[in-house]
Amino acid sequence: MSAEAADPAAPPRRRSRPRIDLRRLGRVALLGPVPRDRLPDAIGHVADAHRAHHPDADLGILHRAYVLAESSHRGQMRKSGEPYITHPLAVTLILAELGAETTTLTASLLHDTVEDTEVTLDQVREQFGEEVCYLVDGVTKLEKVDYGAAAEPETFRKMLVATGNDVRVMSIKLADRLHNMRTLTVMRPEKQARIAKVTRDVLIPLAERLGVQALKTELEDLVFAILDPEGYEETRALIAGATGGEDPLSAIADNVRATLREAGIGAEVLIRPRHFVSVHRVRRKRGELRPTDFGRLLVLVGEDADCYAVLGELHTCFTPVVSEFKDFIAAPKFNLYQSLHTAVVGPGGAVAEVLIRTHRMHKVAEAGVVALGNPYAHDATAPQQAEPSDGERADPTRPGWLSRLLDWQESATDPDTFWTTLRADLAQDREITVFRTDGRTLGLPAGASCVDAAYAQHGERAHACIGARVNGRLATLSTVLSDGDTVQLLLAQDTASGPSPEWLDHARTPAARIAITGWLSAHPDDPGSEAGGAGDADGRTGAAADGPQSTAPARTRSGGRAANVVVDGPESPARLAGCCTPVPPDEVVGFVVRGGAVTVHRLECPAVARMREIGRAPVAARWRDEDGGSDAAGCRVTLVAESFGRPRLLADLTEAIATADAAIVSATVEPPSEQRVRHTYTLQLPDAAGLPALMRAMREVAGVYDVSRAQHPAATG
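Everything numeric here is computed off the predicted structure, so don't read it as measured data. (Residues numbered from 1 in each chain as written. Predicted model: local features only at pLDDT ≥ 70, side-chain atom pairs only at ≥ 80, totals over all residues. Heavy atoms only, no water.)

### So, the sheet that holds strand β21 (residues 704-709)
(1) Moving on: Reading across the sheet, the four strands line up as β19-β20-β18-β21 and stay open at both edges, with antiparallel pairing between neighbours. Of all strands in the sheet, those with a lone pairing partner are β19 (663-669) and β21, marking the two edges. Direction aside, the axes of adjacent strands within the sheet are offset by 20° on average.
(2) Moving on: Contacting β18 (635-644), β19, β20 (676-685) and β21, helix α25 (residues 649-659) crosses the sheet at an angle of about 25° to β20.
(3) Moving on: The sheet contacts of helix α26 (residues 691-699) involve β18, β20 and β21, and relative to β21 the element is tilted by about 155°. (Pairing = 2+ DSSP bridges. Helix = DSSP H or I, 4+ residues; strand = E, 2+ residues; numbered from the N terminus. Axes fitted to C-alpha atoms, helices over the stretch in contact; angles between N-to-C directions. Contact = heavy atoms within 4.5 Å.)

The structure is reproduced here in structure tokens:
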């Protein structure tokens with residue numbers, strides 16, 4: 001099956017088999033049983049396609065699966081007017097032409113029996129085994145009666161979880177959707193659009209990530225025709241207009257064949273037409289289409305080394321377009337794709353794009369995971385064993401992106417959250433690999449930041465992340481990572497630290513966003529770190545009050561030790577605000593926030609004015625007398641040091657802080673601006689009385705021209 005969608009205006013292409021008439025197969029399927037020693041004519045085309053890839057395949061199980069499918073679907077009709085059995089036949093034929101093995105084809109014949117007929121999973125298991133039963137169950141939809149509006153997202157969740165255990169589940173689903181999209185014109189326009197959008201947002205990205213380009217490209221064209229009919233017609237007219245007259249690609253292809261023949265390199269040179277969406281994208285990118293933009297040259301060779309030999313000849317005998325060269329053999333894409341990409345200038349200045357790959361690479365490029373045959377068999381071929389084990393391609397049946405998807409979906413219990421996050425995740429179609437300091441790798445979407453790397457490596461422990469080193473240099477958590485970077489995540493010792501809402505601005509991965517959102521939802525009265533995203537800026541104080549008295553001492557989240565502040569209120573739990581980190585003898589005032597807790601601010605804190613502006617009533621707060629007992633944990637404060645940039649500045653500031661017996665809870669260094677650098681530290685002091693001396697010691701550090709208490713705005717919710 002070609003990766004290019006059928007184009008009625010394009011020149012006819014050589015096919016190994018004639019186009020299948022599914023209406024005729026439907027009539028054949030209704031004619032009743034056939035002798036047991038031969039296959040029914042309706043499935044004969046599937047058998048031929050299957051034997052083309054697997055000459056020794058046992059067709060007996062396909063015969064039995066067809067008989068069960070035909071008898072169980074007998075009497076059912078599709079909206080197109082065809083007998084329903086034509087649908088599983090078409091799905092199975094698509095997979096057979098891609099080279100799927102017998103178990104997948106058996107399951108595809110039966111994929112709708114449990115959902116739409118009286119056949120049960122127990123029957124499938126008894127007659128065809130556990131593997132086929134698992135695949136059929138994986139693609140069986142959940143009932144709307146049971147799940148209501150959540151049926152569709154929860155069905156996709158179920159399929160993805162099943163795909164995590166057996167990738168063939170998604171292969172069947174993709175072929176199923178392709179045949180449904182081919183026959184979608186019988187549906188109402190609004191239903192066509194809804195199905196096309198889900199195909200565009202979910203299934204096409206999944207086909208891309210699984211490397212099944214043959215299905216992906218045709219799905220793209222079918223979606224294009226439904227969602228943008230005007231653009232589709234314009235593109236079709238352009239392609240039709242380009243088919244007449246002399247084809248410059250043919251001349252370049254002849255020259256390439258002659259060049260390789262003279263060099264003694266055995267190669268097959270083909271002209272590969274672009275599908276509609278590809279032509280549309282090139283037109284949007286370049287504006288004016290060149291005559292050679294409607295196709296590319298495909299050079300197929302026997303061995304990997306031959307690919308580079310072809311490349312050398314082309315770059316020697318033709319003028320190469322250097323900017324177009326990409327080596328996806330040395331560095332394969334995360335979806336198994338391998339090929340050399342280049343472009344050369346032919347006669348008359350015509351530029352032709354060229355793809356160079358082996359026959360095996362081409363099969364994998366077209367069929368992706370389907371081309372692996374049975375990926376769970378133990379007799380893996382040598383090329384598969386030679387693939388690098390970098391975490392993304394070590395197990396092609398469970399690529400890194402799928403493992404990450406399965407991890408975050410467990411936290412997205414709400415169907416709407418899952419559905420929205422899934423679409424956003426799949427929209428990120430490029431990946432990067434970054435290295436950890438232990439030599440292991442992390443696979444992340446392009447544009448990911450240190451925040452994403454922290455949650456990918458540490459999970460919920462990343463809540464305590466205070467910064468990072470990227471390629472050995474200190475960096476903020478908002479730093480965007482590039483392919484090949486080495487990243488070291490720095491975690492605070494205080495496990496009660498939590499993320500700032502600003503982290504969401506820098507998080508691209510669902511795992512990070514869900515974890516951060518979950519923490520912030522669980523701590524609604526905590527403004528988090530306002531210092532630029534390097535950890536928590538306060539003591540995470542605030543929990544239940546000690547007792548029934550109306551004047552309640554504040555308590556810390558980090559262990560429940562009593563703080564030296566009390567508030568007036570009906571058993572109100574209290575906490576010190578993270579925006580201004582009050583310490584004795586600051587004048588303080590409290591405000592009730594979500595959950596009934598009281599957050600205590602310094603009187604001059606900007607948040608106090610905003611609270612009063614929105615009508616929040618202040619709550620009296622005061623420091624506890626010395627004879628009432630002091631806080632064994634000391635006090636926590638956030639300081640901002642303004643300085644001129646110089647070497648060893650961070651080390652000298654850290655030493656000054658340590659000399660004052662203060663512990664660093666979190667720290668961030670903002671990128672230099674006009675040679676000025678801002679450092680923000682959240683510190684734990686043994687006693688508030690030591691704060692003035694600490695600030696003086698920090699000001700005495702060379703290059704520091706000001707040290708002040710943090711005055712960041714706090715959340716008012």
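That covers the picture; the talk isn't over yet.
### So, the sheet that holds strand β11 (residues 486-491)
(1) Moving on: Judged by pairing direction, the sheet is mixed, and its five strands sit side by side in the order β8-β7-β11-β9-β10 without closing on themselves. With one partner strand each, in any of the chains shown, β8 (441-445) and β10 (473-475) form the two edges of the open sheet. Across the sheet, the mean angle separating the axes of adjacent strands is 40° when strand polarity is ignored.
(2) Moving on: For strand β7 (residues 431-436) and β11, the ladder comprises two bridges, and the chain directions are parallel. By the bridge assignment for β11, Arg-436 is matched with Val-487.
(3) Moving on: Each of β7, β8, β9 (465-470) and β11 is contacted by helix α22 (residues 450-458), which is oriented at about 75° to β11, the strand it contacts most.

### Focus: the environment of Leu-650
(1) Moving on: In this structure, Leu-650 sits in helix α25.
(2) Moving on: Judged by its relative accessible area of 26%, Leu-650 is partly exposed.
(3) Moving on: Taking the C-alpha atoms as reference points, Leu-650 and His-679, separated by 29 residues in sequence, lie 8.4 Å from one another.
(4) Moving on: Filtering out sequence-adjacent residues up to four positions away, Leu-650 remains in contact with Leu-474, Val-669, His-679 and Tyr-681. (Buried < 20%, exposed > 50% of the residue type's maximum accessible area, 1.4 Å probe, protein only.)

### Digging into the packing of helix α11 (residues 168-182) against helix α13 (residues 213-227)
(1) Moving on: Contact geometry of α11 with α13 gives a least axis separation of 10 Å together with a crossing angle of 35°. Of the two possible hands of crossing, α11 and α13 adopt the one that is left-handed. Listed contacts from α13 to Leu-174, Ala-175, Arg-177, Leu-178, Met-181 and Arg-182 of α11 are Leu-215, Glu-218, Leu-219, Leu-222, Val-223 and Ile-226.
(2) Moving on: Each residue belonging to the contact of α11 with α13 can be placed in one class, and the counts come to nine nonpolar, no polar and three charged. (Left-handed = near helix turned anticlockwise from the far one by under 90°. Nonpolar A, V, L, I, M, F, W, Y, C, P; charged D, E, K, R; others polar.)

### Looking at the packing of aromatic side chains
(1) Moving on: In this structure the tally under the stated criterion is four aromatic pairs.
(2) Moving on: When the centroid spacing of 4.8 Å and the interplanar angle of 40° are considered together, the rings of Tyr-232 and Phe-276 count as tilted. On the criterion of sequence distance, the pair formed by Tyr-232 in helix α14 (residues 229-242) and Phe-276 in helix α16 (residues 276-286) is long-range, its members being 44 residues apart.
(3) Moving on: Exposure remark for Phe-276: the relative accessible area of 2% places this residue in the buried category. (Phe/Tyr/Trp six-rings, centres within 6.5 Å; stacked < 30°, edge-to-face > 60°.)

### A short note on helix α21 (residues 415-426)
(1) Moving on: Helix length check: α21, at twelve residues, gives a terminal C-alpha distance of 16 Å against a target of 16 Å (1.5 Å per residue), a fit within 8%.
(2) Moving on: Those residues of α21 that sit buried are Phe-418, Trp-419, Thr-421, Leu-422, Asp-425 and Leu-426. (Expected span 1.5 Å × (residues − 1).)

### Observations regarding the pairing of strand β15 (residues 588-592)
(1) Moving on: Summarising burial for β15: four of the five residues are buried, a large majority.
(2) Moving on: Summarising the sheet, β15 and strand β16 (residues 598-602) pair through five bridges and their orientation is antiparallel. Counterpart to Val-588 in the pairing with β16 is Arg-602.
(3) Moving on: Here three bridges tie β15 to strand β17 (residues 618-623), and the two strands are oriented antiparallel to one another. Looking across to β17, one finds that Phe-591 is bridged to Pro-618.

### Considerations on the pattern of salt bridges
(1) Moving on: Tallied over the full model, the rule gives 26 salt bridges.
(2) Moving on: A salt bridge links Asp-137 to Lys-158; the shortest N-O distance between them is 3.8 Å. On the criterion of sequence distance, the pair formed by Asp-137 in helix α8 (residues 130-139) and Lys-158 in helix α10 (residues 151-165) is long-range, its members being 21 residues apart.
(3) Moving on: A residue is classified by how much of its surface remains accessible, and Asp-137, at 31% relative accessible area, is partly exposed.
(4) Moving on: The salt bridge partner of Glu-642 is Arg-678, with a shortest N-O separation of 2.7 Å. With Glu-642 in strand β18 and Arg-678 in strand β20, this residue pair connects regions lying 36 residues apart in the sequence. (Salt bridge = Lys/Arg side-chain N within 4 Å of Asp/Glu carboxyl O.)

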